[in-house]
Amino acid sequence: MTPVPPLAPPIKLLIVDDSALMRRKLREIFQQAGGFEVRTARNGADALERIPEFAPDVISLDIHMPAMDGLTCLSHIMVEHPTPVVMVSSLTEEGALATLEALELGAVDYLPKPGGTVSVHMETVADQLVAKVRAAARARVERWSGSRGGAPQRTTAKRAAPPPADAPAVERLLLIGVSTGGPKTLEKILPRLPADFPLPILVAQHMPASFTRVFAQRMDQRCVLPVTEVTGPTVLEAGHVYLAKGDADMVVRTRPRGISALPVPADPETVWHPSVDRLVESACDVLPPRRLLGVLLTGMGDDGAEAMSRIHTDGGRTIAEAEESAIVFGMPRELILRRGAEAVLPADRIADRLCQWVGC
Amino acid sequence: MTSLEQQFISESRELLDEATACLLALEQSPGDTESLDGAFRAVHTIKGSSGLFDVPALTRLIHAAEDLLDAVKAGKARLDGDTIDLLLSGMDRVAGWLDALETTGRLPGDADDEGGRFADAIRAAFGASATVPSPAAPSPTPPERGASPAPPGLAADPPAWLAAVPGENLLSAFRRARAGEPLTAVTYRPDPQCFFQGEDPLHLVSQIPEIAALHVATAEAPPPLEDFDPFRCILEIGVLTHAPREAATALFRYIPDQAEITEAPPEALIHPRGEPGAALPDERFAPRLWEQWDGSDMDGVRRSVSTALSMLNSESWTAACLHWIEAELEAGAPRREVVEALLTAAVEQRPPEVPLPPPVPAEPESARPPAPVDESGPGGTPSAAPAGDEPASARRSTTLRVDQANVDALGDLIGELVVAKNSLPFLARRAEHDFGVRELARELKDHYNVIHRIAQAMQGTIMRVQMLPMGQVFQRFPRLVRDISRKLEKNVALAIEGEETEADKNIVEALTDPLTHMVRNSLDHGIEPPAERRAAGKPEQATVRLAARQEGDRVVVEISDDGRGIDVDQVRRSALEKGVMEADALDALEPQQVLQLVFAPGFSTAQAVSDLSGRGVGMDVVRTTVERWGGQIAVESQPGEGTCFRVSLPLTMAVSHVMQVELGDQLFGIPMDEVVETVKMPRDRIVPVKHREAIVLRDQVVPIVRLEQILGLEPAASAPAGGGNAGGDGDGGGRDEEAVLVARVHGRICGLVVDDFHEGTEVILKPLDGILACLSAYSGTALLGDGRVLLVLNLKELL
Amino acid sequence: MPVIGKRQTVHLEGVCSVEEAEELLAWLHKHPKGRVHMKECRHLHTAVVQVLLCARRPIAAPPEAPFLRRWVLPALEAALHGESASS
């Protein structure tokens, strides 16, 4: 009955969900995985009562609950007992809004609620849940300051017109790969890039499909550069941020109308989508690596490390986010270990370095 | 049914009730945001949980309800009476499905249709267009339709793509359909993003059995190749199949929004195609044909048509029409109106106006909410429950609210039946030994086996009926803890875990008092005042934890706190003062063993409470109660860190197995799980040890006691002489043997000297009640098959 | 690799998955007169069928797999001949 005792002390996980059924399912998943000490709470208020005594390493928090909803509870946690929190949400667009808000409030990550179509692949989903919670348990959490990052709000109208027909062909690309903790981290980078940034910017942020559209909209409001989700073949333009559609991969291709990004069905061989490795590899097929800039930010796993280190080896330039700012120091660490990072920088210094490199 | 499913069903029922209550409240006061939130959360939770199971229809309906409530929350939609009616009838439908799920393990056959109808109607109610390029959603069948009800899913109009299917495919499908085979049309517009979800629409289509025609075309003009997005699906796929509609529906159950599946009337296939111009060879053709028809000369009719066909250009429109006539004539009962329409079409060189079968529902798409559930049934498929026209009553018949007393009575009766059936073996034995009718004895035994099986099944069922979640007991504690801790000016949080753990209702209820006792004790004595906690470097807020879980066939409940713990030395002193134990015996005990003394009778008096900076009040009462229900209790404590009481009880009051022993003409029962073995021991092997007796059994010294002595029964002879008084049957008399039953109690082995052993039997143990309840020597009584009452011994108390 | 371009003919072989749609599209775009050889094809993903439907190219060798041959091929031929695509 008891799983083999793990070498490390068990991760103390508090599951907060108003559905006894969901609590039970989640508890089963984590107990089967082993290495967790699981307790449960029925709502936000109940959770806040249990946190001081249990001192969980990580909390999974349902968004809709009676007595105190997930977001309210989250803000209490971030102020009173900063603890890594993983939101459990349904992958709807409404869910996306609440979840993105939660990420801004300081939640480390989010899990799809086991259910809906995902229940068909319960085993793989269970593995992901466990992996995400394990990573989150080690995440660094800042006490919430109450401000929203201080990103400059865009005041001037964006360049809306399509590029002139004779726009110079795209010669260089900036590729950004990011996972857990991404929304908060990207907010420290993208809004600081100036309107005349001379490269197209392609971002692969691991996220489900229902989130990326909402996320692109939110980023668009905070950035000088236009931010769009890539939902079909899109010809790349300088100074434009292209966010890969979730649950799919994004590749760069030479198409009849020019160098384009297009979403392609996710490669089932890899776990994380949109895949950073696949984006970077496809860019290397289209342009020589020395014309590429790669940035690998916070996230668990190693997606992107292999392909970005190839950029570095073949004359391109790369940045890995430094441990001091990475919410989960996984992907950047892998890039550094592969000796693929030209620079290792905290998130808030990356934008300046990029501008310096591209000369703007 | 897995227990997870069971939990889903019961939890969803409660949530449905909650949602219903909230909706009703909303109807009374539309601005009541609390009720709105409540209703939303309830359906949201059901939706989330339903995803764990294979019930797409349910998920779909509930999802629509969630979206509607969300829109209302966001101020994008309003709830009027009609909408609330719609939601309520949707909730009723879901409740009906849960019942079906519970009894049959799946949703009724028409659930996919029903779910779709409700979802569309609900979405229509807040103006959300049904998802993606909605092919005419199956519209609700109007209940008032006349004598011949429309088959479900019969399209108002045959799908347009039929016109593009090659004539020969249509003709052969028509022939098979007129010969009585089913004909189903599937119009499938895959979601444009479906490739990203790993779908392969044509692969799905290829799994439809009996395909008669396939139509694949782009639903919109494709862009030039330069701009073509290879991963955006823009196809419309039409399939004609001779598989029954349900077979196709089953394939598309996960994407019901993307496919319209209808039963097509064969007439819908009639699409002659050909070059205009060629006229019928003979203008007398039609009148002659009708003459033959009226004379019932069908062979003549057929000959006329085939002769005409042989003279026509086979590519012509006229020939095409005649081919259709030919096909219609092949059917068992060719219809004049069809032939007429085709003839006219041939003569006038225009498409035929074939009358489609009468009951074509022409309801505007999903504009109308499904009729309230109790009317929407008539169109139901045959698979619908016979009571399908009154689902509300169907629901009532599957979930009953009954008086607890009736369930108890039923449980008692079943218990008695179990016992009564045990009289059959007695009878069989008598038949064989006393009356010498072997044959009858054998038959009695056969019948006994049948009744035994039925009785066991009944018992299992009534046991499940009587299971209750521990939450029933736990739910009183938040309030209790809050009130008491405020009174005591202590800061205490209550944590509850495992409230979903289930156990027999009697046990759950029997736990109430002991738990209350222990929680009160914890608050009174275990938890320190805030100042003391602060001084000890503990958080000011203390925690009392109630946790239940199932362990094998037992339920374990822990009552723990992070208070000051129990002072072992205090317990020692107190035990000494109260004379609970001798000093030297006390010294020999391990600290954990000393702690268990708090349960000793006489230890905990009101006096002891104030003396002892721990607990005490009536812990012996707690233990007695727990043990009366077949439970055990233990305590652990760490000074300064807290105390934990652990109660373990059987999950059910199922049948107990007892060993029967005889003692002075009386039968007693001993719980089988306490019996280690029975031995017949020569009397001279019983040796005195100090002032007691013992036997040596396989090199182990086993102390023995004489049951009649400790029960205070009149010894029939001077006790140690035993033997002679053995009332056992057979050769007992002068035998120099003692019957010794070796039992294990509190982990210790002990031998009980009795007069004789009888067989084990299963009994329904009833705790002693009334004035007898204080007789701790007995754990209960049971009725035997031959009508005698068996007293079951409580060895834990006796020894 | 199941999509193989040989001069003016593209060969679709074995099981053509969704990925191949993009590759086939690029090839057909580069070879406006290219033809499609499908004899060894066992399964075509719908995305690939869709590209073929829209590109309307001559079929050099029809597929032998029963479902493709019986139902998909006629639809492709119908599209090629400018009719509505049905079978």
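Residues numbered from 1 in each chain as written. Chains lettered and ligands numbered in written order. Predicted model: local features only at pLDDT ≥ 70, side-chain atom pairs only at ≥ 80, totals over all residues. Heavy atoms only, no water.

A.B. asks: Give me the lowdown on the overall build of chain A, citing residues and values where you can.
C.D. replies: Each helix and strand in chain A was counted, giving eleven helices and 15 strands. Counting the 360 residues in chain A, one finds 59% classified as buried. Put simply, of all contacts in chain A between residues at least 6 apart along the chain, 74% involve residues at least 24 apart. Carbon and sulfur atoms make up 51% of the accessible area of chain A, which amounts to about 14,200 Å² in all. (Helix = DSSP H or I, 4+ residues; strand = E, 2+ residues; numbered from the N terminus. Buried < 20%, exposed > 50% of the residue type's maximum accessible area, 1.4 Å probe, protein only. Contact = heavy atoms within 4.5 Å. Areas by Shrake-Rupley, 256 points an atom, 1.4 Å probe, with all protein chains shown as cover.)

A.B. asks: Tell me about a nonpolar patch on the surface, and please be specific about residues and values.
C.D. replies: Residues Leu417, Val450, Ile451, Ile454 and Met458 of chain B make up a contiguous nonpolar surface patch of roughly 350 Å² in combined accessible area. Relative to the elements of secondary structure, Leu417 of chain B occurs in helix 14 (residues 404–421). (Patch = residues over 30% accessible without salt bridge, like charges linked within 9 Å, V, L, I, M, F, W, Y side chains within 5 Å. Salt bridge = Lys/Arg side-chain N within 4 Å of Asp/Glu carboxyl O.)

A.B. asks: How would you summarise helix 8 (residues 276–286) of chain A if you had to cite specific residues and measurements?
C.D. replies: Owing to its 3.6 residues per turn, the α-helix brings residues three or four apart onto one side. All names here are of chain A. Across the eleven residues that make up helix 8, a large majority, eight, are buried. Residues of helix 8 that are buried include every one of Val276, Asp277, Arg278, Leu279, Val280, Ser282, Ala283 and Cys284, and no others. For helix 8, the secondary structure elements touched by its buried residues are strand 6 (173–178), strand 7 (201–205), strand 11 (248–255), strand 12 (258–265), strand 13 (292–296) and helix 9 (305–313). The residue sitting at the N-terminus of helix 8 and contributing the capping side-chain oxygen is Ser275; that oxygen lies 3.4 Å from the backbone nitrogen of Asp277. (Polar contact = N/O pair within 3.5 Å; in protein donor to acceptor, adjacent residues only side chain to side chain.)

A.B. asks: Describe the interface of chain B and chain A, naming the residues involved and giving the relevant values.
C.D. replies: Residue-level contacts link 35 residues of chain B with 39 residues of chain A. Taken together, the two surfaces of chain B and chain A that pack against each other cover about 3,200 Å², and 53% of this comes from carbon and sulfur. Of all residues in chain B, Arg41, Leu52 and Phe196 of chain B give up the largest surface area on contact with chain A, accounting jointly for 18% of the area buried on that side. Between chain B and chain A we count four salt bridges in total. A salt bridge links Asp227 of chain B to Arg257 of chain A; its shortest N-O distance comes to 2.5 Å. (Buried area = accessible area lost by both parts, 1.4 Å probe.)

A.B. asks: Outline the pattern of salt bridges, listing residues and values.
C.D. replies: Charged atoms that come close allow side chains of opposite charge to pair. A full pass over the atoms with the stated rule returns 60 salt bridges over all chains. Here Asp569 of chain B makes a salt bridge to Arg572 of chain B, at a shortest N to O gap of 4.0 Å. Note that Asp569 of chain B and Arg572 of chain B are positioned in helix 21 (residues 568–577) at a spacing of three residues, about one turn of the helix. Each of Glu37, Arg39 and Glu53 of chain A together with Glu497, Arg545, Arg549, Glu558, Glu636 and Arg646 of chain B takes part in a single network of salt bridges with overlapping partners.

A.B. asks: Can you break down the packing of aromatic side chains residue by residue, with the values?
C.D. replies: According to the stated counting rule, one finds eight aromatic pairs over all chains in the structure shown. A centroid spacing of 5.0 Å and a plane angle of 70° characterise the contact between Phe30 of chain A and Phe36 of chain A, whose relative ring orientation is edge-to-face. Here Phe30 of chain A and Phe36 of chain A have matching classes, each one buried. Over the face of the ring belonging to Tyr110 of chain A we find Lys132 of chain A, whose NZ or CZ atom lies 4.8 Å from the ring centre. Sitting over the ring of Phe40 of chain B, Lys73 of chain B keeps its end group 4.2 Å from the ring centre. (Phe/Tyr/Trp six-rings, centres within 6.5 Å; stacked < 30°, edge-to-face > 60°. Lys NZ or Arg CZ within 6 Å of the ring centre and 35° of its normal.)

A.B. asks: Mind laying out the packing of helix 2 (residues 44–54) of chain A against helix 3 (residues 70–80) of chain A, listing which residues take part and the relevant values?
C.D. replies: Residues and elements named next belong to chain A. Two numbers describe how helix 2 lies on helix 3: the axes approach to 9 Å, and their chain directions differ by 20°. Classed by the angle they form, the pair helix 2 and helix 3 counts as roughly parallel. Crossing of helix 2 against helix 3: the hand is right-handed. Between helix 2, through Gly44, Ala47, Leu48 and Ile51, and helix 3, the contact on the second element is made entirely by Cys73, His76 and Ile77. (Axes fitted to C-alpha atoms, helices over the stretch in contact; angles between N-to-C directions. Parallel < 35°, antiparallel > 145°, perpendicular 65-115°, else oblique. Left-handed = near helix turned anticlockwise from the far one by under 90°.)

A.B. asks: Explain the sheet that holds strand 18 (residues 737–745) of chain B to me, and be specific about the residues and the numbers.
C.D. replies: What links the strands of a sheet is backbone hydrogen bonding, and the strands pair in either a parallel or an antiparallel sense. Residue and element names in this part refer to chain B. Here six strands make up an open sheet; going across it, the order is 14-18-19-17-16-15 and the pairing mixed. Edge positions in the sheet fall to strand 14 (675–682) and strand 15 (687–689), since each has one partner strand and no second. Ignoring which end each strand starts from, the neighbouring axes of this sheet average 40° apart. Taken together, the three bridges between strand 17 (residues 700–706) and strand 19 (residues 748–754) define a ladder with parallel strand orientation. Residue Arg706 lies in a different strand from strand 19, and its bridge partner there is Val753. (Pairing = 2+ DSSP bridges.)

A.B. asks: Outline the nonpolar core, supporting the account with residue identities and numerical values.
C.D. replies: Core analysis: the biggest nonpolar cluster contains 75 residues, and Phe30 of chain A together with Leu23, Leu58 and Leu69 of chain B have the highest contact counts within it. Setting aside its immediate chain neighbours within four residues, Leu69 of chain B contacts Leu23, Leu36, Ala39, Phe40, Val43, Leu79 and Leu87 of chain B. (Core = buried A, V, L, I, M, F, W, Y, C linked by side-chain atoms within 4.5 Å.)

A.B. asks: Which residues make up the interface of chain A and chain C, and what values go with them?
C.D. replies: The extent of an interface is frequently quoted as the accessible surface area lost upon association of the parts. Contacts between the two partners involve seven residues from chain A and, on the opposite side, five residues from chain C. Carbon and sulfur atoms supply 49% of the area that chain A and chain C bury against each other, a total of about 450 Å² over both sides. Across the contact surface, chain A and chain C share two salt bridges. With a shortest N-O distance of 3.0 Å, Glu19 of chain C and Arg278 of chain A are connected by a salt bridge. Linking chain A to chain C there are two residue pairs in polar contact (both at pLDDT 80 or more). Contributing elements (two or more residues each) for the side of chain A that touches chain C: strand 11 and strand 12 of chain A. Ranked by residue count, the leading element in the side of chain A that touches chain C is strand 12 of chain A, at three residues.

A.B. asks: If you had to explain the confidence of the model for chain A to someone new, which residues and values would you point to?
C.D. replies: Chain-level pLDDT for chain A is 82 on average; 84% of the residues reach the 70-or-more range. Scored below 50 in pLDDT, residues 145–157 of chain A makes 13 contacts in the model with residues more than four places away or belonging to other chains. (pLDDT = per-residue confidence, 0-100.)

A.B. asks: I'd like to hear about the sheet that holds strand 2 (residues 211–218) of chain B, residue by residue, with values.
C.D. replies: All names here are of chain B. As summarised here, the arrangement of the four strands in space is 2-3-1-4, forming an open sheet in which the pairing is antiparallel. Of all strands in the sheet, those bounded by a partner on one side alone are strand 2 and strand 4 (259–263). The sheet shows a mean angle of 10° between the axes of neighbouring strands, taken without regard to direction. With seven bridges joining them, strand 2 and strand 3 (residues 235–241) adopt antiparallel strand pairing. Counterpart to Ala213 in the pairing with strand 3 is Leu240.

A.B. asks: I'd like a rundown of the side chain of Glu236 of chain B, residues and numbers included.
C.D. replies: Residues and elements named next belong to chain B. Its place among the elements puts Glu236 in strand 3. Glu236 sits in the buried class, given a relative accessible area of 15%. A distance of 2.9 Å separates a polar atom in the side chain of Glu236 from a polar atom in the side chain of Arg189. Apart from the residues lying within four places of it in its own chain, the contact partners of Glu236 are Trp161, Thr187, Tyr188, Arg189, His215, Val216, Ala217 and Ala219.

A.B. asks: Give a description of helix 5 (residues 111–125) of chain B that names residues and reports values.
C.D. replies: All names here are of chain B. Between its terminal C-alpha atoms helix 5 stretches 21 Å, which fits the 21 Å expected from 15 residues at 1.5 Å a residue. The element helix 5 is extensively covered by neighbouring structure, given that twelve of its 15 residues are classed as buried. At its buried positions, helix 5 is contacted by helix 3 (56–73), helix 4 (81–104) and helix 8 (245–251). Where helix 5 terminates, the next one or two residues include Gly127, which has phi positive at roughly 70°. (Expected span 1.5 Å × (residues − 1).)

A.B. asks: Just give me the short version of unusual backbone geometry, but keep the residues and values in it.
C.D. replies: What you tend to see is this: most non-glycine residues have negative phi, and most peptide bonds are trans. Looking along the chain, the bond that leaves His273 of chain A and enters Pro274 of chain A is cis, with omega of -5°. One non-glycine residue, Ala55 of chain A, lies in the positive phi region at around 45°.

A.B. asks: Tell me about the environment of Glu220 of chain B, residues and numbers included.
C.D. replies: Residues and elements named next belong to chain B. Along the chain, the position of Glu220 falls in the loop between strand 2 and strand 3. Judged by its relative accessible area of 39%, Glu220 falls in the partly exposed class. As a C-alpha pair, Glu220 and Glu236 span 16 residues in sequence and 8.9 Å in three-dimensional space. Within the structure, the side chain of Glu220 is placed 3.4 Å from the side chain of Arg232, a separation counted as a polar contact.

A.B. asks: Residues and numbers for the pairing of strand 7 of chain A, please.
C.D. replies: Residues and elements named next belong to chain A. When you tally the buried positions in strand 7, you get five out of five residues, the bulk of the element. Here five bridges tie strand 6 to strand 7, and the two strands are oriented parallel to one another. Looking at strand 7, one finds that Leu174 is bridged to Ile201. One ladder, built from three bridges, connects strand 7 with strand 10 (residues 241–244); its direction is parallel. What sits directly across from Leu202, in strand 10, is Tyr242.

A.B. asks: Quick one: what's the story with the confidence of the model for chain C, residue by residue and with numbers?
C.D. replies: Residue and element names in this part refer to chain C. For chain C, the mean per-residue pLDDT works out to 85, and 90% of the residues sit at or above 70. The element-level mean pLDDT for chain C is lowest in strand 1 (residues 3–6), coming to 73, with helix 2 (residues 46–55) highest at 92. Ignoring residues within four places in sequence, the model shows residues 83–87, a span with pLDDT below 50, making 26 contacts including any to other chains.

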